[in-house]
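As a plain string of letters, each chain reads:
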Amino acid sequence: ATAAISQDRRREKENMADFIAKKREMFLVQMSLDTKREEIRKLEQKAHMKEEALKKSELMLEEDAIRFDAFLKENDKKA
């Protein structure tokens, strides 16, 4: 009977150790996933900011082209 109780306790300790190891592994996987999601969010935010800057630059370029055309037309009139 004592040997059976001793064996049950050992099995419980092993089960508890396995449970703790699995919980730790799940925690680490979740932490890794959260870190990756945050990194993706930051990269998406950076990409969005670059897109906005690009749109702004394109708009400025268009405006410069319009002003340059107007300048050339004005010069042609004077010539």
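See the structure printed just above.
For clarity, every value in this text was computed on a predicted model and none was experimentally measured. (Residues numbered from 1 in each chain as written. Predicted model: local features only at pLDDT ≥ 70, side-chain atom pairs only at ≥ 80, totals over all residues. Heavy atoms only, no water.)

Peer 1: Explain the overall build of the protein chain to me, please; I cannot follow it from the model alone.
Peer 2: Of the regular secondary structure elements, the protein chain holds one helix and zero strands. The principal-axis extents of the C-alpha atoms in the protein chain amount to approximately 115 × 10 × 5 Å. As displayed, the protein chain offers around 8,000 Å² of accessible surface, 60% of which is attributable to carbon and sulfur atoms. Between the centroid of the 19 positive side chains of the protein chain and the centroid of its 18 negative side chains there is a distance of 8 Å. (Helix = DSSP H or I, 4+ residues; strand = E, 2+ residues; numbered from the N terminus. Areas by Shrake-Rupley, 256 points an atom, 1.4 Å probe, with all protein chains shown as cover. Lys, Arg positive; Asp, Glu negative; His and termini not counted. Charge placed at Lys NZ, Arg CZ, Asp CG, Glu CD.)

Peer 1: What should I look at first to understand the pattern of salt bridges in this one?
Peer 2: Applying the stated rule across the entire model yields four salt bridges. Between Asp8 and Arg11 there is a salt bridge, and its shortest N-O distance comes to 3.4 Å. One end of the pair is Asp8 and the other is Arg11, both in helix H1 (residues 2-78) and three residues apart, which spans about a single turn. We classify Asp8 as partly exposed; its relative accessible area is 40%. Arg11 gets classed as partly exposed once you look at its relative accessible area, which sits at 43%. (Salt bridge = Lys/Arg side-chain N within 4 Å of Asp/Glu carboxyl O. Buried < 20%, exposed > 50% of the residue type's maximum accessible area, 1.4 Å probe, protein only.)

Peer 1: What is the right way to look at a nonpolar patch on the surface in this model?
Peer 2: Residues Met16, Phe19 and Ile20 make up a contiguous nonpolar surface patch of roughly 320 Å² in combined accessible area. For Phe19, the position within the fold is in helix H1. (Patch = residues over 30% accessible without salt bridge, like charges linked within 9 Å, V, L, I, M, F, W, Y side chains within 5 Å.)

Peer 1: How should I be thinking about the environment of Val29 in this particular structure?
Peer 2: With respect to the helices and strands, the residue Val29 is situated in helix H1. Residues Val29 and Ala53, spaced 24 residues apart in sequence, show a C-alpha to C-alpha distance of 36 Å.

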